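# What the coordinates show
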Amino acid sequence: MKQSWPEVPLYEVCGTIVDCVNKTAPVVEGPTPYRMIRTTNVKSGVIDLETVRYVTEETYRTWTRRQVPRSGDVILTREAPLGEVGMLKEADGVFLGQRLMSYRADPDKLDAHFLLYALQEDHLQDQIRATGAGATVEHMRVPDAEKLRIKLPPLATQRKIASILSAYDDLIENNARRVRVLEEMARALYREWFVEYRFPGHEQAEFVEAEQGRRPVGWEWLPFSEMFDSTLGGDWGSEKAQGADVCPVRVIRGTDFEDIAGGAPIRCPTRFIDAKSLFKRKLQAHDLILENSINAKTRSAGTPFLIDAYTLEMLGSDSIAASFCKVYRPKAKYVKLIPLAYLYLDHMVMTKRMEYFQNIAANGIANLQSQKLIAEGKILVPPAHVLDKILALLGDTQSKVLAYRIQNLRCTRDLLLPKLVSGELDVSVLDISGAEDAQVSAEEVIA
């Protein structure tokens, strides 16, 4: 039975609600101890402190004159985009950029984590969107941000709900951290074996010098022109089903690569394309997607993304690459070499050697010279017994399995959040003593 809780305005249950200083802070080349978060740093309940901008101590003191941020403060975006929310877990030297609101819960009335989750649920999100309706750019006024009304259960219930959802967030965060570690391990393994030649037994190995470069005896260069069966352009289709464009597809853009690989919420848009295009472009396991055209100031043309069975499962529907990407599909006999091709291309991007295969237009757009890459690109292939050992090691560092698990955890968490925060699920029946117990108990309730 759904719980009935009173509704109260946030200003009654928060110790402070503080708006940012609404002018642009002067930034400096960092890093410095003083970090400005912007609306782009607040996303899906998390505040990213890796891509901040830096300021001087004087600017920091000026911009925190209303309030010095504190761990546990909940931050809401008032514009561009409207309604994203996150919690500050680390606040030393941090301050708010423009269009951000800070909510500091009164601990005697409101659990800060419960507030974080309530602000993500439809009851408050609908109010937030309603305040921005009708504007050219969705925007919420400060007085409206203070008057948002929250459904308020007893404090003990708030804490119980928060502990269940926090258990999922902790597992998601820990697994995401492991994904990043595993990806770097795979890169390090590739560098050691294929760039520095520091594989086991390299001290006794014989090497040959050739036009294509130094290599161990028995290792051979495989040209991309031999490895790949075809290269396919992407598609963009239509926003709505119209004419021949009636097949719904997920469209993977370069900006989606990192989210999918890390298990973050999948934001690939759903578009509509015609049946012929879908038949030709539908992504398959072992496809490599490369960004083909991009703003050179933000990313590198040629950035790769490997499609595998876990990726297709995460996407959950027919998928294609976006029109500004290129798909490289291997011949069947070279499928097992795709992880090496991916790491080679990734290494090229990381070391800026991919710039050799791109040209930059006057407007700053970098375009991958795909035909040149196919004609001149090649990977070094070791003998079969060495290759099997390398692939086994790479399998041990396979991060997509963890990303798939993160997606499953996130789906369960997103299913639970509205049911718990709205009172649809009665948490009094749950016996929770720790993070794992919270997860198991919650899954039992919704099973």
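These numbers come from a predicted model, not from an experiment. (Residues numbered from 1 in each chain as written. Predicted model: local features only at pLDDT ≥ 70, side-chain atom pairs only at ≥ 80, totals over all residues. Heavy atoms only, no water.)

### Some points on the overall build of the protein
What counts, and what does not: To qualify as a helix, a DSSP run of H or I must reach at least 4 residues; to qualify as a strand, a run of E must reach at least 2; elements of each kind are numbered from the N terminus. Only protein chains enter the calculation, and the probe is 1.4 Å; a residue is then buried if its accessible area is under 20% of its type maximum, exposed if over 50%, and partly exposed in between. In this description, contact between two residues means that some pair of their heavy atoms is separated by no more than 4.5 Å. Here, Shrake-Rupley sampling with a 1.4 Å probe gives the accessible areas, and only protein chains in the shown set may cover a residue. For the purpose of counting charges, residues Lys and Arg are taken to be positive, whereas Asp and Glu are taken to be negative. His and the chain ends are not included. Where a charge lies is defined by one atom per residue type: Lys uses NZ, Arg uses CZ, Asp uses CG and Glu uses CD.
Of the regular secondary structure elements, the protein holds 15 helices and 25 strands. Of all 447 residues assigned to the protein, the portion counted as buried reaches 49%. Of all intrachain contacts in the protein linking residues separated by at least 6 positions in sequence, the fraction that spans at least 24 positions is 76%. Summed over all atoms, the accessible surface of the protein reaches about 21,900 Å², with 50% contributed by carbon and sulfur. The positive charge centre, built from 56 side chains, and the negative charge centre, built from 61, are 4 Å apart in the protein.

### Some details on the packing of aromatic side chains
Condition: Two rings from Phe, Tyr or Trp (for Trp, the six-membered ring) form a pair when their centres are within 6.5 Å of each other. A pair whose planes differ by under 30 degrees is stacked, one over 60 is edge-to-face, and the rest are tilted. Only lysine NZ and arginine CZ atoms are considered, and such an atom sits over a ring when it is within 6 Å of the ring centre and within 35 degrees of the ring normal.
Following the criterion strictly, the structure yields 15 aromatic pairs and no others. Aromatic side chains Tyr60 and Phe95 sit 6.3 Å apart centroid to centroid with 70° between the ring planes, which places their arrangement in the edge-to-face category. Of this pair, Tyr60 sits in helix H2 (residues 57-63) while Phe95 sits in strand E9 (residues 94-96), and the two are 35 residues apart along the sequence. By relative accessible area, which is 10% here, Tyr60 ends up buried. Looking at Phe95, the relative accessible area reads 0%, which means it is buried. On the basis of an interplanar angle of 15° and a centroid distance of 5.1 Å, the ring pair of Phe257 and Phe305 is categorised as stacked. Taken together, the residues span a long stretch of sequence, with Phe257 in helix H8 (residues 257-262) and Phe305 in strand E20 (residues 304-306) at a distance of 48 residues. For the pair formed by Phe257 and Phe305, the shared burial category is buried. Linked through ring pairs, Tyr190, Trp193, Phe194, Tyr197, Phe199, Phe207 and Trp219 together constitute an aromatic cluster. A cation over a ring is seen here: Arg214 above Phe207, with NZ or CZ 3.9 Å from the ring centre. Between the NZ or CZ atom of Lys372 and the centre of the ring of Tyr356, over which it lies, the distance is 3.8 Å.

### Comments concerning the environment of Met354
Take Met354: it is sitting in the loop between helix H11 (338-350) and strand E23 (358-360). Separated by 19 residues in the primary sequence, Met354 and Leu373 have C-alpha atoms spaced 9.2 Å apart. Setting aside residues no more than four positions away along its own chain, Met354 makes contact with Ser300, Ala301, Gly302, Leu345, Met348, Val349 and Leu368.

### Points about the sheet that holds strand E21 (residues 319-321)
Keep this limit in mind: Any two strands are treated as partners once DSSP identifies two or more bridges connecting them. Interaxial angles span 0 to 180 degrees and are taken between N-to-C directions of axes, which are lines fitted to C-alpha atoms, for helices over the stretch in contact.
Sheet architecture is open: three strands sit in the order E17-E16-E21, paired in mixed fashion. The outermost strands of the open sheet, each flanked by one partner alone, are strand E17 (270-273) and E21. This sheet shows a mean twist of 50° between the axes of neighbouring strands, independent of strand direction. Summarising the sheet, strand E16 (residues 247-252) and E21 pair through three bridges and their orientation is parallel.

### Some remarks on the layout of surface pockets
Here is the rule: Here a cavity is any set of points on a 1 Å grid over the protein atoms alone where a 1.4 Å probe fits but cannot get out, and a pocket is any open set with protein on both sides within 12 Å along at least 5 of 7 lines; a residue lines the site when it has an atom within 4 Å of a point. Grid points are joined across faces, edges and corners, and a volume is the space filled by probe spheres set on the points. Amino acids are sorted into nonpolar (Ala, Val, Leu, Ile, Met, Phe, Trp, Tyr, Cys and Pro), charged (Asp, Glu, Lys and Arg) and polar (every other residue, Gly among them).
Size it by volume and the second largest pocket reaches roughly 450 Å³. Elements with a minimum of two residues in the lining of the second largest pocket: strand E8 (82-87), helix H4 (122-132) and helix H14 (400-421). Per-element accounting of the lining of the second largest pocket gives the leading share, five residues, to H14. Across the lining of the second largest pocket, the residue classes tally to six nonpolar, five polar and eight charged.

### A word on the side chain of Ser102
Relative to the elements of secondary structure, Ser102 occurs in strand E10 (residues 100-105). With relative accessibility at 3%, the residue Ser102 sits in the buried group. The residues touching Ser102, leaving out its near neighbours within four places in the chain, are Thr16, Ile17, Val18, Gln67, Asp73, Val74, Ile75 and Leu96.

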